[in-house]
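Each chain, written out:
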Amino acid sequence: MFRTHLVSELNPKLDGAEVKVAGWVHNIRNLGGKVFILLRDKSGIGQIVVEKGNSAYDKIMNIGLESTLVVNGIVKADPRAPNGIEVHAKDVEILSYAKSPLPLDVTGKVKADIDTRLRERLLDLRRLEMQAVLKIQSVAVKSFRETLYKYGFVEVFTPKIIASATEGGAQLFPVLYFGKEAFLAQSPQLYKELLAGAIERVFEIAPAWRAEESDTPYHLSEFISMDVEMAFADYNDIMALIEQIIYNMINDVKRECENELKILNYTPPDVKIPMKKISYSEAIEILKSKGVNIKFGDDIGTPELRVLYSELKEDLYFVTDWPWLSRPFYTKQKKDNPQLSESFDLIFKWLEIVSGSSRNHVKEVLENSLKVRGLNPESFEFFLKWFDYGMPPHAGFGMGLARVMLMLTGLQSVKEVVPFPRDKKRLTP
Ligand code: AMO
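Small disclaimer: the values here were computed from a predicted structure and weren't measured. (Residues numbered from 1 in each chain as written. Predicted model: local features only at pLDDT ≥ 70, side-chain atom pairs only at ≥ 80, totals over all residues.)

With respect to spatial proximity, 24 residues lie near the ligand, and among them Ser187, Phe223, Ser355, Gly398 and Gly400 are the closest. Elements with a contribution of two residues or more to the shell around the ligand: strand S10 (222-231), strand S14 (351-358), strand S15 (394-400) and helix H12 (401-409). For the shell around the ligand, the leading source of residues is S14, giving 6 residues. Along the lines of polarity and charge, the residues of the shell around the ligand split into 8 nonpolar, 10 polar and 6 charged. (Near = placed C-beta within 6 Å. Helix = DSSP H or I, 4+ residues; strand = E, 2+ residues; numbered from the N terminus. Nonpolar A, V, L, I, M, F, W, Y, C, P; charged D, E, K, R; others polar.)

Now for the UniProt feature "binding site: Mg(2+) 3" (unreviewed entry) in the protein. With numbering aligned to this structure, UniProt lists the feature "binding site: Mg(2+) 3" (unreviewed entry) at Glu352. Tracing the backbone through its elements, the reader meets Glu352 in strand S14. Since 17 C-beta atoms lie within 10 Å of it, Glu352 is described here as partly exposed. If sequence neighbours within four positions are ignored, Glu352 has contacts with Asp345 and Ile347. (UniProt positions renumbered as here; feature names shortened; annotations may be inferred. Buried ≥ 20, exposed ≤ 12 C-beta atoms within 10 Å, placed from the backbone. Contact = placed C-beta atoms within 7 Å.)

A separate point is the sheet that holds strand S6 (residues 154-155). Judged by pairing direction, the sheet is mixed, and its 8 strands sit side by side in the order S6-S9-S10-S15-S14-S13-S12-S11 without closing on themselves. Where the open sheet ends on each side, the last strands, each with one partner, are S6 and strand S11 (276-279). Two elements, strand S9 (residues 201-209) and S10, share 9 bridges in a ladder whose sense is antiparallel. When the bridges of S10 are listed, Ile205 appears paired with Met226. (Pairing = 2+ DSSP bridges.)

Below, the discussion takes up the sheet that holds strand S3 (residues 44-51). Read around the closed barrel, 5 strands run S1-S2-S3-S5-S4, paired in mixed fashion. Within this sheet the neighbouring strands show an average axis-to-axis angle of 55°, counted without direction. As defined by bridge partners, strand S1 (residues 18-30) adjoins strand S4 (residues 68-77) across 7 bridges and the pair is classed as antiparallel. Bridge pairing in S4 places Val21 opposite Val71. (Axes fitted to C-alpha atoms, helices over the stretch in contact; angles between N-to-C directions.)

Bridge analysis of S1 against strand S2 (residues 34-41) gives 6 bridges, and the strand direction is antiparallel. Note on S2: the bridge partner recorded for Ile28 is Ile37. Between the antiparallel neighbours S1 and S2 lie 3 residues, among them Gly32 with a positive phi of about 40°. Relative to S3, S2 runs antiparallel, the two being bridged by 8 bridges. Residue pairing for S3: Leu39 is matched across the bridge by Gly46. Hairpin connection from S2 to S3: 2 residues lie between these consecutive antiparallel strands.

This next bit is on the confidence of the model for the protein. When pLDDT is averaged along the protein, the result is 96; 100% of the residues meet or exceed 70. Overall fold confidence for the complex sits at a pTM of 0.96, while the interface term, ipTM, reaches 0.99. (pLDDT = per-residue confidence, 0-100.)

Moving on: the nonpolar core. Judged by nonpolar contacts, the single largest core of 77 residues is most densely connected at Ile238, Ile242, Leu346, Ile353, Ala402, Val404 and Met405. In terms of residues, this core owes the most to one element, helix H6 (residues 235-256), which gives 10 residues. Those residues within four positions of Ile353 in sequence are excluded, and the remaining contacts are Leu346, Phe348, Met399, Gly400, Arg403, Val404 and Met407. Grouped together as the second largest cluster of nonpolar side chains are 21 residues, Val35, Ile48, Ile60 and Val92 included. (Core = buried A, V, L, I, M, F, W, Y, C linked by C-beta atoms within 7 Å.)

Omega for the peptide link from Ser100 to Pro101 comes to -10°, which places this bond in the cis form. That bond from Ile273 to Pro274 is cis: its omega, 0°, falls within 30 degrees of zero. With respect to the helices and strands, the residue Pro274 is situated in the loop between helix H7 (258-264) and S11. The phi dihedral of Glu200 is positive, around 70°, even though this residue is not glycine.

This paragraph deals with the packing of helix H8 (residues 280-289) against helix H9 (residues 302-312). At their nearest, the axes of H8 and H9 sit 10 Å apart, and the two run at 85° to each other. As judged from the angle between their axes, H8 and H9 are roughly perpendicular. Facing H8, whose interface residues are Ala283, Ile286 and Leu287, H9 presents Glu304, Val307, Leu308 and Glu311. Partitioned by chemical class, the residues of the contact of H8 with H9 number 5 nonpolar, no polar and 2 charged. (Parallel < 35°, antiparallel > 145°, perpendicular 65-115°, else oblique.)

The next point concerns the environment of Tyr317. Within the secondary structure layout, Tyr317 lies in strand S12 (residues 316-320). By the C-beta count within 10 Å, which is 21 here, Tyr317 ends up buried. For the pair Tyr317 and Lys349, spaced 32 residues apart in the sequence, the C-alpha separation amounts to 8.0 Å. Not counting residues up to four positions away in its chain, the partners in contact with Tyr317 are Met275, Lys276, Lys277, Ile278, Leu312 and Ile347.

This brings us to the environment of Ile28. Looking at the secondary structure, you find Ile28 in strand S1. Residues Ile28 and Ile60 lie 32 residues apart in sequence; the distance between their C-alpha atoms is 9.3 Å. For Ile28, the contacting residues outside a window of four places in its chain are Val35, Ile37, Ile63 and Leu65.

Structure, rendered in structure tokens:
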């Protein structure tokens, strides 16, 4: 047994008790005959005192920061110590030595740039801020699952090696193996639709790959996509579901991660339901009135969304009814205006965090939609054939976890929140 207590479990009531704690050397100071070690474990930081004359004293004199120790000692209440408690070592076992000097300051006093942090990621992940980020992410994902379970969704897993593009052809990663074209999945789109055609309500949390050319704070080559697909539903049902998911997620994080949010000095936005909705056409009009050079059919990218945010002043809002031709082939046209589609993006301030739509569920319409986009229906035969067998109307969305994490942590780049991000420049660590 490496420990009897986590350092946060030590309290003045344990005064005089013998305990065993284990963790990393966060800081070490020698004050004339007494060595004070700040020992960090997953719960926090506690103070260890090693007196001169103790057999451990010489062992730890020159030990480097971030080395790992087990300390066996007696708890002593002392108001001068952090949390009013310290452990007077009887014996110290060194589990692992860390090299000095460290390439990155784990205490965070000396700031490092993002390239250094990613290069020295193990040490960076030990910083309290990064531990807070990962805890918040875990609560957010748990909350996402719980909301969907509550509404009768089933978690599924779809293939990640696929035969055809779903979200546009340019961003595909080829896979060499099958003797014919194969790619890493850009999204679970076609398979989640087929699963909804069988069991109605499905969701998946899994990696997706995009060979993004642009190096931005919001794009990765590999990201976790949180996907939902629902049969007998349209995009309005899906937007209502997203409101519930985001409401629960933000409130669960605020409730369960109070300490972590304090460490990050951040408060996630308050969620109002229903969230504001503006149509794509309205958004274009607002942007034009603000002097932005934009016309129907153009994408509304981050710079334009910043202008929109300064007008709307809403932290979370939907932009709905996008031009049909600017959305992927599976998106349903609007009945009353076929130039538009039953689609939406959910925007956090100026960042798209979710994208979704009602889907085409009629085979001929899908075939036409592929042709109009210059795609060959034969490449999608495996998908299209299922539409001969009573495919229900359905709708769904994809939510990018790393972008959601920016909303939940206040950090500025998806590369900061993902432990080992992949982009054009990074394959390791
Ligand atoms: P879309 O392509 O908009 O839609 O992606 C859905 C969401 O995934 C996130 N995202 C990314 N995050 C990090 N790096 C990237 N390169 C990246 N690309 C996308 C965004 C985005 O909103 N199949 C549809 C969804 C659906 O309709 O069900 C799709 O993939 O947060």
